[in-house]
Amino acid sequence: MYQQSGNHAVQMTNKDNMVYIIGAGAIGKALAVMLKHNGRDVVLVRGSVDDGRIANDEITLELAGGKKYVQTITVLTLSAIKRFEGTVVLTSKSFGNDKLAAKLGKRNNQFPIVLLQNGLGIEAPFLHQGYHALYRGVLFATSQASKDTVSFRQVSASPVGVVKGSVAALNAIVASISTPEFTFSPTAAIEKAVWQKTIINTVFNSVCPLLDIDNGIFHRDEYALVLARNIISACVKVANSAGIAVNAHEIEEGLLQISKVADGQLISTLQDIRAGRPTEIETLNFEIDKIAQSMQMQELTKEILLLGKLIKIKSATQQRRRAPHVRSIAKGKMLNK
Ligand SMILES: NC(=O)C1=CN([C@@H]2O[C@H](COP(=O)(O)OP(=O)(O)OC[C@H]3O[C@@H](n4cnc5c(N)ncnc54)[C@H](OP(=O)(O)O)[C@@H]3O)[C@@H](O)[C@H]2O)C=CC1
Ligand SMILES: CC(C)(CO)C(=O)C(=O)O
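Residues numbered from 1 in each chain as written. Chains lettered and ligands numbered in written order. Predicted model: local features only at pLDDT ≥ 70, side-chain atom pairs only at ≥ 80, totals over all residues. Heavy atoms only, no water.

Identification of the chain as 2-dehydropantoate 2-reductase from Parapedobacter composti is taken from an unreviewed UniProt entry. The heading Pathway (unreviewed entry) in the UniProt record of the chain holds the text "Cofactor biosynthesis; (R)-pantothenate biosynthesis; (R)-pantoate from 3-methyl-2-oxobutanoate: step 2/2." Quoted straight from UniProt, the Catalytic activity (unreviewed entry) entry for the chain says "(R)-pantoate + NADP(+) = 2-dehydropantoate + NADPH + H(+)". (UniProt positions renumbered as here; feature names shortened; annotations may be inferred.)

Caption draft 1: Geometry of helix 1 (residues 26–37). For helix 1, which comprises 12 residues, the first-to-last C-alpha distance of 17 Å matches the rise-based estimate of 16 Å (1.5 Å per residue) to within 8%. Of all the 12 residues making up helix 1, 10 are buried; the element is thus mostly covered by neighbouring parts of the structure. Taken residue by residue, helix 1 has Ala-26, Ile-27, Gly-28, Lys-29, Ala-30, Leu-31, Ala-32, Val-33, Met-34 and Leu-35 as its buried positions. (Helix = DSSP H or I, 4+ residues; strand = E, 2+ residues; numbered from the N terminus. Expected span 1.5 Å × (residues − 1). Buried < 20%, exposed > 50% of the residue type's maximum accessible area, 1.4 Å probe, protein only.)

Caption draft 2: Quick look at the layout of surface pockets. Considered as a void within the structure, the largest pocket measures approximately 1,200 Å³ in volume. Surrounding the largest pocket, 48 residues form its lining, Gly-25, Ala-26, Thr-91, Ser-92 and Lys-93 being those nearest its centre. Taken together, the elements giving at least two residues each to the lining of the largest pocket come down to helix 1, helix 2 (97–105), strand 8 (141–146), helix 5 (190–211) and helix 9 (268–275). Taken together, domain 1 (18–188) and domain 2 (192–330) each give at least three residues to the lining of the largest pocket, which thus spans both. (1 Å grid on protein atoms, 1.4 Å probe; cavity = no way out; pocket = protein on both sides within 12 Å on 5 of 7 lines; lining within 4 Å. Points joined across faces, edges and corners; volume = space filled by probe spheres on them. Domains from an automatic or database assignment.)

Caption draft 3: Representation of the packing of aromatic side chains within the structure. One pass over the structure, following the stated rule, counts six aromatic pairs. With 5.3 Å between their ring centres and 65° between their planes, Phe-126 and Tyr-131 make a pair best called edge-to-face. Directly above the ring of Phe-140 sits Lys-197, whose terminal nitrogen or CZ lies 5.7 Å from the centroid. The lysine or arginine in question, Lys-312, covers the ring of Phe-286, its NZ or CZ lying 4.6 Å from the ring centre. (Phe/Tyr/Trp six-rings, centres within 6.5 Å; stacked < 30°, edge-to-face > 60°. Lys NZ or Arg CZ within 6 Å of the ring centre and 35° of its normal.)

See below:
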């Protein structure tokens with residue numbers, strides 16, 4: 001199934017229930033360790049690098065209560081894979097989806113793709129490429145990676161639904177990626193779940209990095225919760241006008257639940273900013289504002305857009321600090337929205 005390279009011993013397999021996780025980051029590593037711990041066939045595939053390298057990495061997963069799982073996971077890059085024989089799960093950053101959709105499309109076999117990424121509209125590149133087995137998950141979990149250790153907390157089961165495909169295949173996919181401590185559940189209402197989670201992320205992924213604070217702030221601080229409530233209220237009006245029946249109370253409950261379970265954990269956008277990496281804010285605050293604009297509702301999303309712009313400035317500032325030579329790339333590209 002994949003080629004041998006260098007001195008690394010890699011097991012060859014012909015199974016068609018292999019799970020290929022693309023994106024060896026905080027979520028990808030956590031999922032890989034959990035699957036391997038439960039006896040599943042899994043490999044990690046690098047999302048941003050494609051040098052044909054194959055490695056066997058020891059990854060430690062820390063769960064709530066101090067429980068630890070250590071597993072050796074095979075890490076490949078795309079060019080080491082001739083064809084997929086199983087399910088492809090994307091835990092890579094969504095801004096890489098255009099390139100990945102094109103690359104994966106070249107291996108034109110029938111494999112299903114599951115997107116486990118935050119944000120609105122992230123499936124578009126795969127739909128444009130004509131994928132016909134496309135599934136979307138919404139993660140209710142929080143994961144933070146440092147070197148080869150990942151700290152993971154599940155908030156609740158993560159729903160997965162059909163974008164293109166069948167309910168029977170969805171059920172099989174959910175069974176193949178679900179484990180007791182990282183649980184997925186099939187849903188017929190994935191669009192609603194995507195909006196609910198995107199609204200939650202619009203709050204967390206802008207407010208927490210701007211305050212430079214952990215995810216627990218909303219259950220600890222009533223002023224932060226009031227700010228969250230205002231953002232949720234505006235987003236819900238936009239969603240409802242777009243025909244998505246979400247409600248503010250349910251979303252606030254979800255936000256508080258995450259805030260409690262993920263107290264002390266950092267939102268992915270804050271992890272990205274601190275590491276000098278790009279963020280996914282385009283598919284959160286900016287995408288909601290874009291949808292509001294298309295319905296002449298942009299007055300409502302002014303604050304949301306401002307928070308998004310501040311995240312871009314903070315992210316670009318940190319990137320320049322870490323790599324002064326990229327100054328000219330970021331300059332002028334930031335505030336044109
Ligand atoms: N961490 C969390 O708590 C949560 C994260 N999410 C979502 O899950 C997804 C994964 O997040 P997370 O694991 O935290 O992110 P990380 O940054 O830890 O990992 C993401 C991985 O994406 C890959 N990647 C980065 N840039 C590109 C690119 N341009 N093209 C292709 N691949 C790229 C890299 O893989 P490689 O190293 O293999 O090159 C990177 O390791 C995101 O959409 C995030 O919003 C959702 C809920 C919670
Ligand atoms: C809100 C949170 C922590 C929960 O899943 C998340 O989506 C993230 O870290 O990006």
